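# Coordinate analysis (summary)
Below, each chain spelled out in residue letters.
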Amino acid sequence: MVEFDFFREIIFPKLMEGTLMTIVLIVLSVIPQVLIGILIAVGRVYGNKVISRLSLVYVVFFRGTPLLVLLFILYYGLPTLGIYLHPILAAVAGFAMCGGAYQSEYIRGAIQSIKAGQMRAALSLGLTRTRAVLFVILPQALRRALPGISNEITYLVKYSSLAFMITVIELTGAGKIIAGRYFIYTYIFTLIAAVYLVLVSVVTRVQKSLEVRYRYPGIESGGR
Amino acid sequence: MEESRGPVLRVEDIRKSYGDNNVLNGVSFDVKLGDTKVIIGPSGTGKSTLLRCINHLDIPDSGKIFLNGEEVHGSKKNISKYRRQIGFVFQDFNLFDHLTALGNVMLGPIRVLNMSKEEARELARTELDRVGLQDKADLYPAQLSGGQQQRVSIARTLAMNPLLILFDEPTSALDPELIGEVLEVMRNLALSGMTMVVVTHEMGFARSVANEIIFMENGKILEQGPPNKIFYQPELERTKRFMHKISELYGREDREPQVAENQDNERRDNELEDDV
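### Describing the overall build of chain A
When helices and strands are counted, chain A shows eight helices and zero strands. Helices and strands appear in chain A in the N-to-C order α-α-α-α-α-α-α-α. By principal-axis analysis of the C-alpha atoms, chain A measures approximately 70 × 55 × 20 Å. Counting the 224 residues in chain A, one finds 42% classified as buried.

Put into structure tokens, the structure is as follows:
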């Protein structure tokens, strides 16, 4: 159906470029996304009235608006205010802000599942609230949130394709260009689906190894 | 120097209510260096709330707390300076689940006293040794019995070198066979001169270790005095009735290190519910 030379010289390099771009988008988005998630979650649970309310507004806004619309605002809208973002930066900002809102809910759930006695014990030792959150609450909550956090990251792998809508040629975009040019849609998109599957498997692998590494007795782990 | 002659802890007219529920109705007492005060009284009397108010885990509505003559109050940042000097042992231990026994004891020295890891580890080992758990240092809370967890929590508190330690029913969540080991650690602490305020129903401990017993009911101190007085010649009829009831329930003169029989214990629980 597709000759090997054609694959090697045209398809492979293009899809490879796209894959690399996808990986760049994911890698750049993950850390800010999780950090935003932690900040917003902590703000909602432990912040004063103002911080807690602001964090809630953040979540309502970013969960309530489509990511694509957000990307359009960042890339096509902001220039009217004189702010020009590089398309990659616009995409990463959108992924981080939107994903951060979802991450914050996973993390908030985990924080609230920690018994209040843990905080009381930390405070009674003389830790400040901030230190208690950093050294007692978050280490436990993040372990519990890990499945949720990775869940959102697997979404990120896939919604990174939206970056194409603001001119970033990532995997899906690169595929669409070749598929349209050579009229081989099924072939190309099946190939692309396989690449996403591999990327998601990597995320799952990393999740698994983190879970094993940070497991402590008392956490049910199942299996084996 | 003058200051050290005054009470380590002075509690002045503490009041606390939750909505319409007045939990503490003006409680005052002093604790001197080396004192072991035992607070007794029916459940729901505000004993635990009182302890939590002392280190501002609950903020009292009014009243004053003095630690070594300095008033405990102020901003959140300020309050942690007082808290580090007041140990707190919880009914349900509250060990940090993600840390080993050693890690639990090291956390305060590292994160509050800014000790180096090596120093903190050394100190933590010493404190675990003091509660007889040197061989459990690397186990996690989930791998320890209740009695062991409570002893680790005492070691965690000791590592902060507190001026005094508050014990909030430290043996109430324990199986009867495990109570003795915790009481023994507490008894040794008292003998070594640690200043302690203990809320407990363990009358054997109260009688043999306390130098003063405080009887509370309905958020007030009804009567206080040396164990002999409270146990044998209480002034108030109410105190007498409570002491009678509680010694009937808790039976033994001194349970440690003896083991209460399970049967007794179940009966005790049932009757306690009636009483409360």
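### Observations regarding the nonpolar core
Formed by 94 residues in total, the largest nonpolar core has its most connected members in Phe95(A), Phe29(B), Leu50(B) and Ile54(B). For Ile54(B), the residues in contact, after removing those within four places along its chain, are Leu9(B), Val11(B), Phe29(B), Ile65(B), Ile86(B) and Leu166(B). Among the nonpolar cores identified, the runner-up in size contains 48 residues, and Ala159(B), Leu174(B), Val185(B) and Phe231(B) belong to it.

### Section: the sheet that holds strand 7 (residues 164–168) of chain B
Residue and element names in this part refer to chain B. Spatially, six strands are ordered 6-7-8-3-9-10 in an open sheet, and the strand pairing comes out mixed. On the outer flanks of this sheet lie strand 6 (86–89) and strand 10 (220–225), each paired with one strand and no other. Across this sheet, the average inter-strand angle for adjacent strands is 20°, counted without regard to direction. In this structure, strand 6 lies alongside strand 7, joined through four bridges in parallel fashion. If you follow Phe-88 over to strand 7, its bridge partner there is Leu-166. Packed onto the sheet, helix 7 (residues 176–191) meets strand 3 (36–40), strand 7 and strand 8 (195–199) and runs at close to 145° relative to strand 8.

### Focus: the side chain of Lys37(B)
Along the chain, the position of Lys37(B) falls in strand 3. Residue contacts for Lys37(B): discarding those within four places in its chain leaves Asp30(B), Val31(B), Met196(B), Val197(B), Val198(B), Asn211(B), Glu212(B) and Ile214(B).

### A few points about the interface of chain A and chain B
Between chain A and chain B, the contact holds 21 residues from the first and 25 residues from the second. Across the interface of chain A and chain B, roughly 2100 Å² is buried in total on both sides, 65% from carbon and sulfur atoms. Here chain A is connected to chain B by zero salt bridges. Here chain A is connected to chain B by five residue pairs in polar contact (both at pLDDT 80 or more). Every element with two or more residues in the side of chain A that touches chain B is listed here: helix 5 (116–124) and helix 6 (129–159) of chain A. A class-by-class count of the residues in the side of chain A that touches chain B yields ten nonpolar, seven polar and four charged.

### What about the packing of helix 1 (residues 4–46) of chain A against helix 6 of chain A?
All names here are of chain A. Where helix 1 meets helix 6, the axes come as close as 9 Å, and the angle between the chain directions of the two elements is 140°. The orientation of helix 1 with respect to helix 6, classified from their angle, is oblique. Crossing handedness for the pair helix 1 and helix 6: right-handed. Residues Thr-22, Ile-26, Ser-29, Val-30, Gln-33, Val-34, Ile-38, Val-42 and Tyr-46 of helix 1 touch helix 6, and the partners they reach there are Arg-129, Val-133, Ile-137, Leu-138, Leu-142, Ile-149, Glu-152, Ile-153, Leu-156, Val-157 and Tyr-159. Tallied by class, residues from the contact of helix 1 with helix 6 come to 15 nonpolar, three polar and two charged.

### A short note on the sheet that holds strand 1 (residues 9–18) of chain B
Residue and element names in this part refer to chain B. Read from one edge of the open sheet, four strands run 2-1-4-5, paired in antiparallel fashion. At either end of the open sheet lies a strand with only one pairing partner, and these are strand 2 (21–31) and strand 5 (70–71). One ladder, built from eight bridges, connects strand 1 with strand 2; its direction is antiparallel. The residue of strand 2 that forms the bridge with Leu-9 is Val-31. The sheet contacts of helix 2 (residues 47–54) involve strand 1, strand 2 and strand 4 (62–67), and relative to strand 1 the element is tilted by about 120°.

### With respect to the environment of Leu20(A)
With respect to the secondary-structure elements, Leu20(A) resides in helix 1. Sequence separation of Leu20(A) and Leu171(A) is 151 residues, and the distance between their C-alpha atoms is 7.8 Å.

### Looking at unusual backbone geometry
The backbone phi angle of Phe183(A) is positive, close to 60°, even though this residue is not glycine. Here Phe183(A) lies in the loop between helix 7 (171–182) and helix 8 (185–213). With a phi angle near 50°, Asn218(B) is a residue other than glycine that sits in the positive phi range. For Asn218(B), the location among the structural elements is in the loop between strand 9 (212–217) and strand 10.

### Here we look at the environment of Ala210(B)
All names here are of chain B. Among the secondary structure elements, Ala-210 is positioned in the loop between helix 8 (203–209) and strand 9. Along the primary structure Ala-210 and Pro-226 are separated by 16 residues, whereas in three dimensions their C-alpha atoms are 7.6 Å apart. When neighbours within four sequence positions are excluded, Ala-210 is seen to be in contact with Thr-36, Val-38, Phe-205 and Pro-227.

What counts and what doesn't
Residues numbered from 1 in each chain as written. Chains lettered and ligands numbered in written order. Predicted model: local features only at pLDDT ≥ 70, side-chain atom pairs only at ≥ 80, totals over all residues. Heavy atoms only, no water. Helix = DSSP H or I, 4+ residues; strand = E, 2+ residues; numbered from the N terminus. Buried < 20%, exposed > 50% of the residue type's maximum accessible area, 1.4 Å probe, protein only. Core = buried A, V, L, I, M, F, W, Y, C linked by side-chain atoms within 4.5 Å. Contact = heavy atoms within 4.5 Å. Pairing = 2+ DSSP bridges. Axes fitted to C-alpha atoms, helices over the stretch in contact; angles between N-to-C directions. Buried area = accessible area lost by both parts, 1.4 Å probe. Salt bridge = Lys/Arg side-chain N within 4 Å of Asp/Glu carboxyl O. Polar contact = N/O pair within 3.5 Å; in protein donor to acceptor, adjacent residues only side chain to side chain. Nonpolar A, V, L, I, M, F, W, Y, C, P; charged D, E, K, R; others polar. Parallel < 35°, antiparallel > 145°, perpendicular 65-115°, else oblique. Left-handed = near helix turned anticlockwise from the far one by under 90°.

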